[in-house]
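# Architecture and fold: a report
Given next are the chains, with one letter for each unit.
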Amino acid sequence: MGVSHISNRSEQQSQGWSRRGILAVLGAVPAVALTGCSGSADASENTTGTSASASTKASAAAPQPVISVTPADGTTKAAFTSPVEVTVTGGTLASVKVTGNDGSTLAGSLDAAGTTWTSTTDPYSGTKYTVTAQAEGAAAQTATFTTKSPGETFVGYFTPEANSTSGVGMPVSINFSHAVSDKAAVQKAITVTAEPAVDVVGHWFSDTRLDFRPQTYWAAGTKITLGLRLKDIEGSDGVYGMQSKDVTFHIGRAQISTVDLSSKEMVVERDGATPATYPVSGGDSDHTTWSGIMVISERFKQTRMESSTVGLGDEYDISDVPHAQRLTTSGTFVHGNYWASTSVFGSQNTSHGCIGLHDAKGASDSSVAGYKFYESSMLGDVVIVKNSGEKTVDPANGLNGWNLSWADWKAGSAL
């Protein structure tokens, strides 16, 4: 007795749903006349009575299998928070198939008695389904229902971008469009896997942000796959996820730059070599630079920097800062500086908290340190700052979760 199983549900869905419906197997099975076997005339005569008796018994038709579907046939606003069920009375199920209007199917299993089939997962919201079921020895029957659409929804915006290549410090960071109260349910619906394999754990920084990272930096060349199965996951009361997709990212070469603001020098290490060392200028005594492990999260060949946006009043407004790479959400950058004397770099910390390298106005001079470092960098590269006179940056201030120990990182998981 074969029963169809149904696999992955597609991300794209539409329409609504319902409850209990019955599919009666139609058409009476014709009675079969039973006859005796004999070569004698007497036997032939005797079968006249026997044949009449058999016909009378066969004329009382046997009970026919009755198939029932939940949600019921024709339901237009069925719930999407319980599985599909198909049952038969007066027989056993031979096959069941549940297909969405996008061509996807729901997997399911049959009970030991062969009378009840239950989908392995719930149906998706806003989707029309067709159920095709057949009892042993009877014709296949169909029913349709449409699940209702959720009222309020949320999505997760992820970093890095799909199919991008990043440095070894890049976490997988997801920011949700709605606060999540059931963190365990949402985290359970998200997977992050790596090739080569490594243990990857999620950490909640807030009700709207979940980051994933391994214990140490990713290995160069790692392939990372993010699986989002948030579709119809209830993140908070009455608010359901909308995504069901897989995306991949890649890790490039390993570049880690260490800035020592005591010696005012930045040493760049790449794949075990040291291709460059640059003189720098960090934050002055009134505007010390955050210390700790930071990750490049944005890059601009030129950008405007205005002191009022970081709570420093009208101290500066520079419209064309060259080769700026963001290290914190609060406004720490490593960037080129064309307005300070060349002698400042390597000898004085004079900035408002950023790390400056000598550069040229216009961002086109390839001979200067700012240009060279920018060209050698990518999103996800690690910049470590030490001896700055400031405390360690908040791990949630940018993509800087590496400042948490592995034990503290795992303590932030909901699973």
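The structure under discussion appears in the preceding block.
Note that the structure is a prediction, hence the values are computed from the model and not measured.

### Digging into unusual backbone geometry
With omega at 5°, the peptide bond leading from T159 into P160 counts as cis. Relative to the elements of secondary structure, P160 occurs in the loop between β10 (156–159) and β11 (165–166). E195 connects to P196 through a cis peptide bond whose omega is 5°. When you line up the elements, P196 lands in the loop between β13 (190–195) and β14 (201–206). The phi dihedral of D232 falls on the positive side, at around 70°, and the residue is not glycine. When you line up the elements, D232 lands in the loop between β16 (223–229) and β17 (234–236). The backbone phi angle of A363 is positive, close to 60°, even though this residue is not glycine.

### Notes on the pattern of salt bridges
Should their charged atoms come close, side chains of opposite charge can pair. Inspection of every chain in the model, using the stated rule, returns eight salt bridges. K183 serves as the salt-bridge partner of D207, at 2.5 Å between the closest nitrogen and oxygen. In this pair, D207 sits in the loop between β14 and β15 (209–213) while K183 sits in helix α2 (residues 183–188), placing the two residues 24 residues apart along the sequence. Taking the relative accessible area as the measure of exposure, D207 reaches 40% and is therefore partly exposed.

### Regarding the layout of surface pockets
Approximately 750 Å³ is the volume attributed to the largest pocket. Lining the largest pocket are 36 residues, with V310, Y316, G331, H352 and C354 positioned closest to its centre. Elements with a minimum of two residues in the lining of the largest pocket: β24 (298–306), β25 (317–326), β26 (333–337) and β27 (355–358). By residue number, the principal contributor to the lining of the largest pocket is β24, which donates five residues. When the residues that make up the lining of the largest pocket are grouped by side-chain class, the tally is 15 nonpolar, 17 polar and four charged.

### Quick look at the nonpolar core
Formed by 30 residues in total, the largest nonpolar core has its most connected members in F176, V186, I190, F212, L226 and L230. Contributing elements (two or more residues each) for this core: β12 (172–176), β13, β15, β16, β19 (244–251) and β23 (292–295). In this structure, V186 is in contact with F154, F176, V180, W204, L230, I233 and G235, ignoring residues within four places of it in sequence. Of all hydrophobic cores here, the second largest spans 19 residues; its members include I67, W117, A135 and A138.

### Examining the pairing of strand β7 (residues 128–135)
The alternating pattern of β7 places Y129, V131, A133 and A135 on a buried face, while none of K128, T130, T132 and Q134, on the opposite face, is buried. Bridge analysis of strand β4 (residues 93–100) against β7 gives seven bridges, and the strand direction is antiparallel. Each bridged residue has a counterpart across the sheet, and for K97 the counterpart in β7 is T132. Hairpin connection from β7 to strand β8 (residues 141–146): five residues lie between these consecutive antiparallel strands, with G137 at a positive phi of about 75°.

### Some thoughts on the sheet that holds β12
Spatially, four strands are ordered β10-β12-β15-β14 in an open sheet, and the strand pairing comes out antiparallel. For this open sheet the edge positions go to β10 and β14, each flanked by a neighbour on one side alone. Direction aside, neighbouring strands of the sheet carry axes that sit 20° apart on average. Across five bridges, the pairing between β14 and β15 is antiparallel. When the bridges of β15 are listed, V201 appears paired with R213.

Analysis parameters
Counting restarts for each chain: residues are numbered from 1 in the order of the written sequence. Restriction of local features to residues with pLDDT of at least 70 applies here, the model being predicted, together with a cutoff of 80 or more for giving and counting side-chain atom pairs; totals for whole chains, interfaces and linings are based on all residues. Processing note: side-chain calculations cover all non-hydrogen atoms of the structure and skip hydrogens and water entirely. Helix numbering and strand numbering both begin at the N terminus, where a helix is a DSSP run of H or I of at least 4 residues and a strand a DSSP run of E of at least 2. Any Lys or Arg side-chain nitrogen found within 4 Å of a carboxyl oxygen on Asp or Glu counts as a salt bridge. Summary of the burial criterion: residues with accessible area below 20% of their type's maximum are buried, those above 50% are exposed, and those between are partly exposed, where the area comes from a 1.4 Å probe applied to protein chains only. In the cavity and pocket records, a cavity denotes points on a 1 Å grid over the protein atoms alone where a 1.4 Å probe fits but cannot get out, a pocket denotes an open set with protein on both sides within 12 Å along at least 5 of 7 lines, and lining residues are residues with an atom within 4 Å of a point. Grid points are joined across faces, edges and corners, and a volume is the space filled by probe spheres set on the points. Amino acid classes used here: Ala, Val, Leu, Ile, Met, Phe, Trp, Tyr, Cys and Pro are nonpolar; Asp, Glu, Lys and Arg are charged; the rest, including Gly, are polar. Take the buried Ala, Val, Leu, Ile, Met, Phe, Trp, Tyr and Cys residues and link them wherever side-chain atoms come within 4.5 Å; each set so joined is a nonpolar core. Here, residues are in contact when the closest pair of their heavy atoms is within 4.5 Å. Strands are treated as partners if at least two bridges between them are detected by DSSP. All axes are obtained by fitting lines to C-alpha atoms, using only the stretch in contact for helices, and the reported angles, taken between N-to-C directions, cover 0 to 180 degrees.

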